[in-house]
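Remarks on the overall topology
Chain by chain, the residues:
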Amino acid sequence: MDLSARLEELQQVERFPPPDGFREQAVVRDAGVYEEAARDRHAWWERQAERLDWFERWDTVLDDSNPPFFRWFTGGRLNVSHNCVDRHVEAGRGDKVAFHWHGEEGEERDVTYADLHRDVQRFANALKALGVERGDVVGIFLPMIPEVVVAMLACTRIGAVHNVVFGGFSATSCAERMEVSAAKVLICPDGSRRKGKTAPVKQQVDAVAGDIGESLERIVVVRNVGDDTPMQEGRDVWWHEAVDAADPECPPEPLDAEAPMFILYSSGSTAKPKGILHTTGGYLTQVAWTHQWVFDLKPDEDVYWCSADVGWVTGHSYIVYGPLANGVTSVMYEGAPDYPDKDVWWALCERYGVTIFYTAPTAIRACIKWGEEYPARHDLSKLRLLGSVGEPINPKAWLWYHEVIGGGRCPIVDTWWQTETGAIMVSPLPGLTETKPGSCTIPLPGIEAKILDESTGEEKDDGQGLLVLTQPWPAMLRTLYGDDERFVETYFKRFGPETYLVGDAARKDGDGYLWVIGRIDDVINVSGHRLSTAEVESAIVSHPNVAEAAVVGRHDEDTGQAIVAFVTLREDGDDMERAIRDHVAERIGKLARPKRIIWSDDLPKTRSGKIMRRLLRDIAEGRELGDVTTLRDPDVMEQLKSKVAERQSEE
Ligand code: PRX
């Protein structure tokens, strides 16, 4: 049967039970785990924490005396790098490969647990020599090279707090994040590679380093592309020189379970990114546990690959900490999915014998567009489980993933979570849960999610509303760095300190399965990357020719959502469309460039001057316009509609 006929046939299938033979071999086979966890949550999480090595056991599982500031495993002491590296080496598994690293031009480096043990200790000592102390913030702005993992682990070894910035962000964005977190040291490469080209990252950082403020004392530069790089005497130091000069031994610091571990900036409703703060014991507990259960991980047999970038939370939890805590062998790939050719991912799956593959729906949609001939070039028969994350997966993409990549035999785990949750919260357990394409199914054992009615706040057993989490969980964010007030305001103001407002709308069906619809705030999800409309707007209006801008998200076949900007110019200029797109790339990063710009003489505003985004969204999506009676000047909408129609006829 040809593929399209097969996919059409599969569309009639509502539920996919765990495949024959999978359940019998699965890590979790007993459906009683849900009940067990609900019966005694503390005992449940305590058992998960026992997966880790603790220097000192906790006194209290959960301190909930001051909600929403929950504290987990208080009194306990542990070290993340010890759990991710030393204990595997001590157990005689030092020679095991932690990462098969694969470079863009086909270079290969196998990094073993013993290699990590050596490199992490040395770099931890190098950081100390640069004056980094417990609690100091260290910025990491690196591409997907092994040094990024070493840098993160080295921070955790000495109790420094890492703040990783995705390498696709601009140096300006990086500088902003360094400034607001008062980073003491920044680690960046001389340059980075993308599809055969190199970007002079260090020089770009130099150009904005002056804006970072006084906190930044040192910049550590990784020689990555080998280009000439100016080094500022007294401030800049080469990674390899710092490491060579460092002592080889650095014992792991026994850190408090609640010691801050990392900050990761993420977009919210305002232009100012939120510094999401995670702490040590709870985070590692839930990440290690979910990585094993959700991916049915058998550390001695599996080869695991998560195609995300370490600069996002998926990379933190499921490239670095989960896989290393569980001692598995992973693939780490530097490059793009279509370079040197569109089959590179599948070539790597074949080459390293990948058994578990975790990616985002947007990547799957790109693969569908490229065609099934690319995966067909390779032997993917070792794959036994597939994962999806970052945005709702449309059933068409789910079925294609299942059939073409998974050969019809691999369960798909659609994992719902967020930077704030730190670890997976809602997902099938692949040996137990019947999946339905497009649904992330049910909360994991120990997790409680509800749907509340948008207007009354009442719980709904069936139907659509606001997704909330009603029990604290170990990997939850502890606060927004330096801004407790915004933390409470953003997540707990609406329903009180025991009910975490997720920011997603979702539907629950009659089986209790969850279907995430999308964000309820002004956050756009482009290719699984979270961006705030306010952030993009503020980048656009900072262009000297722009008077005003409003940004909305629009549904997009390929990227899930796409950015549409309505812009009023102060003064026309040469090729303004390109100028604005370049300007946004420089301020935030290429990923935030608007896909479409619509020039408008005015924007729809209420009488009090507030831009009515709802109407702009209607226009961008080509929907019937909602109520326009509250507009100051209803004619504006007619003008905008004709501009959009004009743009469409040009395309
Ligand atoms: O809207 C949800 C969507 O991504 C948001 C979180 O984005 P971020 O913090 O960048 O973390 C992404 C990776 C964990 C959520 O609020 N989202 C994430 N996973 C899914 C999803 N939407 C639907 N289904 C998912 N599996």
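A brief look at the structure comes next. (Residues numbered from 1 in each chain as written. Predicted model: local features only at pLDDT ≥ 70, side-chain atom pairs only at ≥ 80, totals over all residues. Heavy atoms only, no water.)

Pairing of side chains with opposite charge becomes possible as their charged atoms draw close. Applying the stated criterion across every chain yields a total of 53 salt bridges. Among the ionic pairs, Glu50 bridges to Arg57, the shortest N-O distance being 3.0 Å. Of the residues examined, Glu50 reaches a relative accessible area of 40% and is grouped as partly exposed. With a closest N to O distance of 3.8 Å, Asp300 and Lys96 form a salt bridge. Taken together, the positions of Asp300 in the loop between helix H11 (280–294) and strand S16 (303–306) and Lys96 in the loop between helix H5 (80–93) and strand S4 (97–102) put the pair 204 residues apart, joining distant regions of the chain. By relative accessible area, Asp300 is classed as exposed at 68%. Overlapping salt bridges bring together Arg15, Glu434, Lys436, Asp509 and Asp511 as one network. (Salt bridge = Lys/Arg side-chain N within 4 Å of Asp/Glu carboxyl O. Buried < 20%, exposed > 50% of the residue type's maximum accessible area, 1.4 Å probe, protein only. Helix = DSSP H or I, 4+ residues; strand = E, 2+ residues; numbered from the N terminus.)

Let's shift gears to H11. The terminal C-alpha atoms of H11, which comprises 15 residues, lie 21 Å apart, in line with the 21 Å expected from a rise of 1.5 Å per residue. Most of H11 is tucked away: 15 of the 15 residues are buried. Remark: Asp296 follows H11 within two positions and exhibits a positive phi of approximately 50 degrees. (Expected span 1.5 Å × (residues − 1).)

Tallied over the full model, the rule gives 33 aromatic pairs. Ring plane angle 90 degrees and centroid distance 6.3 Å describe the contact between Trp305 and Tyr333, whose orientation is recorded as edge-to-face. In this pair, Trp305 is assigned in strand S16 and Tyr333 in strand S17 (residues 329–333), connecting sequence segments 28 residues apart. In this structure Tyr333 comes out as buried when scored by relative accessible area, which is 5%. An aromatic cluster of three or more residues is present, and its members are Trp44, Trp45, Trp54, Trp58, Trp72, Phe73, Trp289 and Trp293. A cation over an aromatic ring shows up here: Arg223 above the ring of Trp238, its NZ or CZ 4.4 Å from the ring centre. Lys436 extends its terminal NZ or CZ atom over the ring of Tyr513, reaching a point 4.5 Å from the ring centre. (Phe/Tyr/Trp six-rings, centres within 6.5 Å; stacked < 30°, edge-to-face > 60°. Lys NZ or Arg CZ within 6 Å of the ring centre and 35° of its normal.)

Honestly, that's just the spatial picture; any functional story needs more than this.
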